[in-house]
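Listed below, chain by chain, are the residues.
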Amino acid sequence: LVKFFRKRIPCSCLDAKYDEVKSITKMGFCYNPECSIPLGKVERSKTMYCSRCRCVTYCSPECQKADWKLHRPSCDECVARIAKFDAKQQDT
């Protein structure tokens, strides 16, 4: 958010906060409940999205494969919602 507002506010009041936030490692989560990483926390730059729905992230291809049976119903639902939205956008 700091980066977003910093680009849109013409003063330098957010520069110091941006420098502070920029150095913080952004964390993401592995959605596999059986993930071996404590609490599923993983550096966000190393996470991988489900290539089908892009709604969930995983720490590795192995975790994604292990979670597929649990994730598939919500993945189908998410893909259907995205397709419906895209169809609606094309109609307008």
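Source: prediction; values computed, not measured.

Cut-offs applied
- Residues numbered from 1 in each chain as written.
- Predicted model: local features only at pLDDT ≥ 70, side-chain atom pairs only at ≥ 80, totals over all residues.
- Heavy atoms only, no water.
- pLDDT = per-residue confidence, 0-100.
- Helix = DSSP H or I, 4+ residues; strand = E, 2+ residues; numbered from the N terminus.
- Core = buried A, V, L, I, M, F, W, Y, C linked by side-chain atoms within 4.5 Å.
- Buried < 20%, exposed > 50% of the residue type's maximum accessible area, 1.4 Å probe, protein only.
- Contact = heavy atoms within 4.5 Å.
- Disulfide = S-S within 2.5 Å.
- Phe/Tyr/Trp six-rings, centres within 6.5 Å; stacked < 30°, edge-to-face > 60°.

As for the confidence of the model for the protein chain
For step 1, the next point in the chain: Here the protein chain averages 90 in pLDDT, while 100% of its residues score no lower than 70.
For step 2, the next point in the chain: Of all helices and strands in the protein chain, the one with the weakest mean pLDDT is helix α1 (residues 2–8) (82), whereas strand β4 (residues 57–58) scores best (96).

Considering the nonpolar core
For step 1, the next point in the chain: C30, C35, V42, C50, C53, V56, Y58, C59, C63, C75 and C78 form the largest nonpolar core, which has 11 residues in total.
For step 2, the next point in the chain: Here the element with the most residues in this core is helix α3 (residues 61–91); it accounts for 3 residues.
For step 3, the next point in the chain: Every residue in contact with C63, bar those within four places of it in the chain, is listed here: C30, N32, C35 and Y58.

A look at the state of the cysteines
For step 1, the next point in the chain: Inspection of the entire model under this criterion finds 1 disulfide.
For step 2, the next point in the chain: Linked covalently through their sulfurs, C55 and C78 form a disulfide whose S-S length is 2.3 Å. Note that C55 is positioned in the loop between β3 (48–49) and β4 and C78 in helix α3, a separation of 23 residues in sequence.
For step 3, the next point in the chain: Owing to a relative accessible area of 41%, C55 belongs among the partly exposed residues under this scheme.
For step 4, the next point in the chain: Among the cysteines around C75, which has no disulfide bond, C53 carries the closest sulfur, lying 3.8 Å off.
For step 5, the next point in the chain: Relative accessible area serves as the criterion here: at 0%, C75 is assigned to the buried category.

A short note on the packing of aromatic side chains
For step 1, the next point in the chain: Considering all chains together, one arrives at 1 aromatic pair under this definition.
For step 2, the next point in the chain: Each ring, one from F4 and one from F5, has its centre 5.2 Å from the other, and the planes form 80°; the classification is edge-to-face.
For step 3, the next point in the chain: Residue F4 is classed as partly exposed on the basis of its relative accessible area of 40%.
For step 4, the next point in the chain: Classification of F5 as partly exposed rests on a relative accessible area of 41%.

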